[in-house]
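Structural description and commentary
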Amino acid sequence: MAALSKRIIRETERLVSDPVPGITAMPHEDNLRYFDVTIEGADQSPYEGGLFKLELFLPEDYPMVAPKVRFLTKIYHPNIDRLGRICLDTLKKNWTPAIQIRTLLLSIQSLLTSPNPDDPLANDVAECWKKDEAGAIQTAKEWTAKYAKKE
Amino acid sequence: MKFGKYFEKELASSDVPKEWAENAIQYKALKKRIKRFAEELMVLGLSKETMGILLSASEVTNATINTSDTKVIDISMENDNNNGDKGDNEKEDEEEEDGPVSLQSLEEKIQDISLEGTDLEDKEPILYNLKFQIQVLEDDAVQEQENHPIANYLLVEDQQYVKPKLIVVLNNDNDEYSKEIRQKIIKYIEHTRKTDKIVEVKEDQIKLQNIEKLKNLQRVRITIDLHEDDEFFQTIFTELTNLQQLKIEHEQKMTKEIETISDTIGSLSSPSKWRTDLDSWREIFEIYLENRIFYVTDDIHGERKFEDSSKRLQQFEKEINSTDLVQGFKHKKSKVAYEAFYQLNVDLLQAMKFHHLNKLAVTKILKKFDKQTALAVRTQIPDIMSQKPFINESFINTLYGAISEKLVSVIPQIEDYDCPICFTIAYRPIRLKCSHVFCVQCLVNLQRQKKDECPVCRSPAVMEATSDNLDIELQDYMKTYFPKQVKEKQKERMKTIEAETYYLAYRKAKYSGEGCCIQ
């Protein structure tokens, strides 16, 4: 394992000392490239009141390649599949090394506010979302209450 | 603790300069004024309770102009009808009202008498300075009466002060409040006149006639220039003007101070000098900025803001003292400049506190005023009064901004010269055609991965970059201002190149079958 770059150290310091509102990210003590992340569902979204757990891993080539991020909490969202994998352009082809962990997490937070059923990862969810948006939102709310309850 | 005491104690405390304290709001004196004003109103039968009823009646009247379901309106309508005939017979009622009267024209139209009393005997030492204008309301004024409030408290703007006036419309004796107030006012005027030797006879006659009228069952409108209240406002406005002056002086002094200090520090930390305190100053400012002493957050105001900043300044001092930065200055002047810099922050903090206290005092005194007189003065006093004379957050922001900008920009901060990819100094700096700068190492990495988009703005600019894109001017600047960081980065770069060369050699050896290249 390569030594921790100055960039990772600096990013981690800032994430802890000056966190983004509604988002926490803590590195594991035994692996400083592995982060426990939580994101609060935004107000006026179907995920309002929910607290979602994610895992984030910085590959060895970070920041030349994007971090690996996955939802651990079950969530009903057209761009997030059953395994918690996220369909977000900045995580794939639109990644640039100038994007930081905090900006990436912000993008994920805003993905929750504005789902994009036309570019789905979870096909069944996206279908429902397109056919019956109100019903889908209701389901998302129910899932939030069921799985993402704050402790 | 009562606010008056608290205020005095805080002003007397050692960290408020004497000349400031002298200019502070005279809270206790103002409090006495309010008391005298309340007494003044009492003489006219306008106790706090009565005022409250009259003023709220005026609100009701205003609010329900077209509905006659309130007693107040009913009474006034009856009065109009009853008194109209009598009014017509009065000789001196020459002027006629046409419709609702605006307050300015009101004064012009008033067939007035001015009564100006002087001090009475010692046994009644109070409050014989009120001026009255009495106007008899006529039949024709029915319209206007309908709309006119029972009592109205006005602050008429007069140059830099406001002139407080009270306008009372009194009905006939059926109205118990009118009756009481009318009697008190008549008594007051007669009493004043008895002791007033200055008024000429001719004027006196007019007054007499009006007094008679006042006694009759008529609707009258009395405009009262409130003397004690006027004094109150003159006092408070004078004090506010002084405070404003003081505030301007504070601001100028501190702004100038910043310039002086930044000039000094700039010369002491010039990298061209053989002995420079550049690094020490840089570290000090880093600690300073990290502590965000006067950083304004939305949810912290007033007292708490002050305490918050105070704590942060202490924390800053503690952190500085835990290093040997100040002791380690190479120039003696640096130490002096640091002390001046620290003092500047203390001064700003003090000014903040002082102005906050005064602002609080004004708010409290106006609250007291309202409580004792039922006059909602706080809703009438313009915002300027509670804002302009005080150092407010925008000034603190400006000044803090100036500190950060002026002082800190004298010392370039490394963050501004970091490569956005590796977060270390962007040396050697390669400037892409989109003007974004990266260190050569990160740019090489991008090119190797054939990533053409600029990581910051995504414009296709990476692949075409060559050694011509080296920003030589910036490179020299970095060498001058960040020699330590540049050296570290160079060392790291050398290591990478060595590793890569070795790796290439290893691969070459491996694939060409020449065997191990390590001895």
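The name that an unreviewed UniProt entry assigns to chain A is E2 ubiquitin-conjugating enzyme, with the source organism given as Saccharomycopsis crataegensis. The UniProt entry for chain A carries this comment under Sequence similarities (unreviewed entry): "Belongs to the ubiquitin-conjugating enzyme family."

1. Quick word on the overall build of chain B
Scanning chain B from N- to C-terminus turns up 19 helices and six strands. In chain B, which comprises 519 residues, the proportion classed as buried is 45%. Entry remark: accessible area of chain B is about 28,100 Å², with carbon and sulfur atoms responsible for 50%.

2. A short note on the sheet that holds strand 3 (residues 51–57) of chain A
Residue and element names in this part refer to chain A. Read across the sheet, four strands follow the order 1-2-3-4 without closing on themselves; strand pairing throughout is antiparallel. Both outer strands of the open sheet, strand 1 (23–27) and strand 4 (68–71), are each paired with one neighbouring strand and no more. For this sheet, the mean inter-axis angle between neighbouring strands, taken without regard to orientation, is 20°. Across the sheet, helix 1 (residues 6–17) touches strand 1 and strand 2 (34–40), and the angle it forms with strand 1 is around 135°. Packing of helix 2 (residues 101–113) onto the sheet brings it into contact with strand 1, strand 2, strand 3 and strand 4, and relative to strand 2 it is tilted by some 35°.

3. Remarks on the interface of chain A and chain B
Size of an interface, as often reported, equals the accessible area lost when the parts are brought together. Taken together, the contact pairs 13 residues of chain A with 15 residues of chain B. Roughly 1,200 Å² is buried in total at the junction of chain A and chain B, and carbon and sulfur atoms are behind 59% of that figure. Counting the surface chain A buries against chain B, the share from its top three residues, A:Arg7, A:Arg10 and A:Met64, is 44%. The tally of links from chain A across to chain B stands at one salt bridge. Notably, a salt bridge pairs A:Arg10 with B:Asp418, separated by 3.2 Å at the nearest N-O pair. A class-by-class count of the residues in the side of chain A that touches chain B yields five nonpolar, four polar and four charged.

4. What to know about the nonpolar core
B:Leu166, B:Trp281, B:Phe316 and B:Tyr338 are the most contacted members of the largest nonpolar core, which has 110 residues in total. The greatest single-element share of this core, amounting to 16 residues, is contributed by helix 13 (residues 332–373) of chain B. When near neighbours in sequence (up to four residues on either side) are disregarded, B:Phe316 contacts B:Ile284, B:Ile287, B:Tyr288, B:Asn291, B:Ile293, B:Tyr338, B:Phe341 and B:Tyr342. With 37 residues, the next largest nonpolar core counts A:Leu15, A:Ala25, A:Ala66 and A:Tyr76 among its residues.

5. Details of unusual backbone geometry
A:Tyr62 connects to A:Pro63 through a cis peptide bond whose omega is 5°. Residue placement: A:Pro63 occurs in the loop between strand 3 and strand 4. Omega for the bond connecting B:Tyr427 with B:Arg428 falls within 30 degrees of zero, at -15°, which places this linkage in the cis form. For A:Gln44, which is not glycine, the phi dihedral falls at a positive 65°. Tracing the chain through its elements places A:Gln44 in the loop between strand 2 and strand 3. One non-glycine residue, B:Ser435, adopts positive backbone phi at about 80°. Considering the arrangement of structural elements, one finds B:Ser435 in the loop between strand 5 (429–431) and strand 6 (437–439). With a relative accessible area of 40%, B:Ser435 lands in the partly exposed category.

6. So, helix 3 (residues 123–131) of chain A
Residue and element names in this part refer to chain A. Among the residues making up helix 3, those that are buried are Val125, Ala126 and Trp129. Summarising the axial view, the buried residues of helix 3 lie within an arc of 100°, below the 170-degree limit, and thus occupy one face. In helix 3, the exposed positions that point more than 90 degrees away from the buried face belong to Asn123, Asp124 and Lys131. Residues of helix 3 that are buried make contact with helix 4 (133–147).

About the criteria used
- Residues numbered from 1 in each chain as written.
- Chains lettered and ligands numbered in written order.
- Predicted model: local features only at pLDDT ≥ 70, side-chain atom pairs only at ≥ 80, totals over all residues.
- Heavy atoms only, no water.
- UniProt positions renumbered as here; feature names shortened; annotations may be inferred.
- Helix = DSSP H or I, 4+ residues; strand = E, 2+ residues; numbered from the N terminus.
- Buried < 20%, exposed > 50% of the residue type's maximum accessible area, 1.4 Å probe, protein only.
- Areas by Shrake-Rupley, 256 points an atom, 1.4 Å probe, with all protein chains shown as cover.
- Pairing = 2+ DSSP bridges.
- Axes fitted to C-alpha atoms, helices over the stretch in contact; angles between N-to-C directions.
- Contact = heavy atoms within 4.5 Å.
- Buried area = accessible area lost by both parts, 1.4 Å probe.
- Salt bridge = Lys/Arg side-chain N within 4 Å of Asp/Glu carboxyl O.
- Nonpolar A, V, L, I, M, F, W, Y, C, P; charged D, E, K, R; others polar.
- Core = buried A, V, L, I, M, F, W, Y, C linked by side-chain atoms within 4.5 Å.
- Arc of directions from axis to C-beta.

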